[in-house]
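If you want the building blocks of each chain, they are given just below.
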Amino acid sequence: MRVLTSTLLAAQKSAGLSPITKIVLTLAGQTTRTYEQDRILSITFPQESYSQKAEVILDNSDDALTDIDLKAFQGVISFGATTSAGAEYDAQPPLWVLGQTFAISTARLTCKLDLIGIPDRMAKDKASADYEPTDTDTKTVKTLIREIAGDTGVTMLAAYNHCQAYEVDFDSEDGLIDTFKPKSRFRVYVSDTRLDKIKELLEKTGCQMIVKADGHIHIFVPKRDTSTAWVANTAYALNDRVIPTTANNYVYICTTAGTSHATTEPTWPTTIGATVADGTVVWTVAYDYEYELDVDGQHTFFAKAYRQRLVIPNKVTVKSFSEDSPSYSGSATSAASYALMPVEETIRMTLASNAEATSIAEAMIARYEMWADAGIAEVPINMGAEALDFVHVIDSVSGDDRNGNIGALTLNYKAPLGSQKGQWSMSFSFGNWTTLEGILGRL
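Bear in mind that the values here come from a model prediction, so they are computed numbers and not experimental data.

Cut-off values and rules
Residues numbered from 1 in each chain as written. Predicted model: local features only at pLDDT ≥ 70, side-chain atom pairs only at ≥ 80, totals over all residues. Heavy atoms only, no water. Helix = DSSP H or I, 4+ residues; strand = E, 2+ residues; numbered from the N terminus. Rg over C-alpha atoms; globule rule 2.2 N^0.38 Å. Buried < 20%, exposed > 50% of the residue type's maximum accessible area, 1.4 Å probe, protein only. Contact = heavy atoms within 4.5 Å. Areas by Shrake-Rupley, 256 points an atom, 1.4 Å probe, with all protein chains shown as cover. Pairing = 2+ DSSP bridges. Arc of directions from axis to C-beta. Axes fitted to C-alpha atoms, helices over the stretch in contact; angles between N-to-C directions.

Chemist: Explain the overall build of the protein here, please?
Modeler: Per the secondary structure count, the protein includes 7 helices and 26 strands. The C-alpha radius of gyration computed for the protein amounts to 24 Å, which stays within 12% of the reference 22 Å derived for 443 residues, consistent with globular compactness. Dimensions of the protein, computed from C-alpha atoms along their principal axes, come out at roughly 75 × 55 × 40 Å. Scored against the burial criterion, the 443 residues of the protein give a buried share of 49%. Relative to all contacts within the protein whose residues are 6 or more apart in sequence, the contacts with residues 24 or more apart total 66%. Element-wise, carbon and sulfur atoms account for 49% of the exposed surface of the protein, whose accessible area totals about 19,600 Å².

Chemist: Sorry, what's going on with the sheet that holds strand β13 (residues 241–242) here?
Modeler: One key point about sheets: their strands pair by backbone hydrogen bonds, in either a parallel or an antiparallel sense. The strand order β13-β14-β17-β16 describes an open sheet built from 4 strands, whose pairing is antiparallel. Of all strands in the sheet, those bounded by a partner on one side alone are β13 and β16 (275–278). Direction of pairing for strand β14 (residues 252–256) relative to strand β17 (residues 281–285): antiparallel, over a ladder of 4 bridges. Looking at the pairing, Thr 256 lines up with Val 282 of β17.

Chemist: Help me understand helix α4 (residues 194–202) in this model?
Modeler: Note: α-helices contain 3.6 residues per turn, so residues at a spacing of three or four share the same orientation. Looking only at α4, the buried set comprises Arg 194, Leu 195, Lys 197, Ile 198, Leu 201 and Leu 202. Projected down its long axis, α4 shows its buried positions confined to an angular sector of 165°, all on one face. Tucked into the core, α4 has its buried residues touching α2 (118–122), α3 (141–149), β10 (208–211), β11 (217–220) and α6 (354–372).

Chemist: Please explain α3 as it appears in this structure.
Modeler: Burial of α3 is extensive: 7 of the 9 residues sit out of reach of the surface. Listing the buried residues of α3 in full gives Val 141, Lys 142, Leu 144, Ile 145, Glu 147, Ile 148 and Ala 149. In this structure, the buried residues of α3 make contact with β9 (168–170), α4 and β11. Looking at the residues trailing α3, positive phi occurs at Gly 150, about 85°.

Chemist: How should the sheet that holds strand β21 (residues 329–333) be read in this particular structure?
Modeler: Here we have 3 strands laid out as an open sheet, ordered β21-β20-β22, and mixed in their pairing. Two strands close off the open sheet at either side, each with one partner strand: β21 and β22 (344–349). Sheet twist, expressed as the mean angle between neighbouring strand axes with direction ignored, is 15°. Bridge count between strand β20 (residues 315–320) and β22: 6 bridges; the pairing is parallel. Of the residues in β22, the one forming a bridge with Lys 315 is Glu 344. Contacts from α6 reach β20, β21 and β22 within the one sheet, and its direction differs from that of β21 by about 25°.

Next up, the structure:
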């Protein structure tokens, strides 16, 4: 989640919020165009890990936009509010105008902009040559991702050096991304897309990617749920996750590695971002954000729906290719789902050890578990929300709660109508569900 100012964070939780928004359009050698809520009729901005698109409809009743060609302009959409500090905005990830449509709608002239983000641009970037490393290749997943993206400090992979280069930031890493070497089993062929190749590499690790407002590709290990209870006098590494021995519906992540207290469990905080010392370990509330119904000062929600779902596949075995010598293997299981309905998957890779095979299997199971979370909520807009955020939804009325990683989110804005204020909302889903109607229709 992007960090918002304290005044903007407080404003978006207020029932009396008056939204403001703008889009800034730029292109080298062209006049910069800025359109605000007096011109913007609506914005629909769906975002996922591997896709960021938007539809912006502008009022063209005065015919002011008709002769302006905005194709290929970079567009930065910002949502905001008028706070005690004045007009404050939070910028979303950059997009580019792919198409521009003029139309008449309800007796009003409009200009519709269809925009796509960096992941969608990379999905259109196709290899112009083959890349076929040998079995002695030493490039790790991390190096290959940097070369495909064109990160500063590496030579861009020749197959994609005709494409736009993007910076890559590694915000956090697992034990695989900078050690696992795919060697000859990772190939790029003519017409393979950059996005597909990066996805293929990441799927062998515990890392994920999103593009942030700085226009960089960010690689990181998502926070997620756990059933692992805290243990005294135990060594914990960065990003380890625990729950209290008496569960309180909160998850805690290790932000300073060390050893837990020899005998005494800490008093666990329940405020987002709060920390607690535990021996030489520091734990932080793992959630990026929290939504709670009918509680003053909290970010409320309009609707929610949840569904329980099995993790499938729930056992992954990773083993060497039959011709490889020596041969290695390892496996991991999502125990609860496997006990109910065993579904196994076997993957072959070029491996360096049994431990590496096991680590890859564990990373794949963790990914399947994360996407098996099911649920959706509709809330007043959260300007700082991003795909893969680990969020907590509390329904104090019915006495239940749910946490999970945001699989997809959509930001919506509608201009004021008559005496009404502008309206904005956000819907988000855990796992693979993308619409509230979709999940409600299956309950």
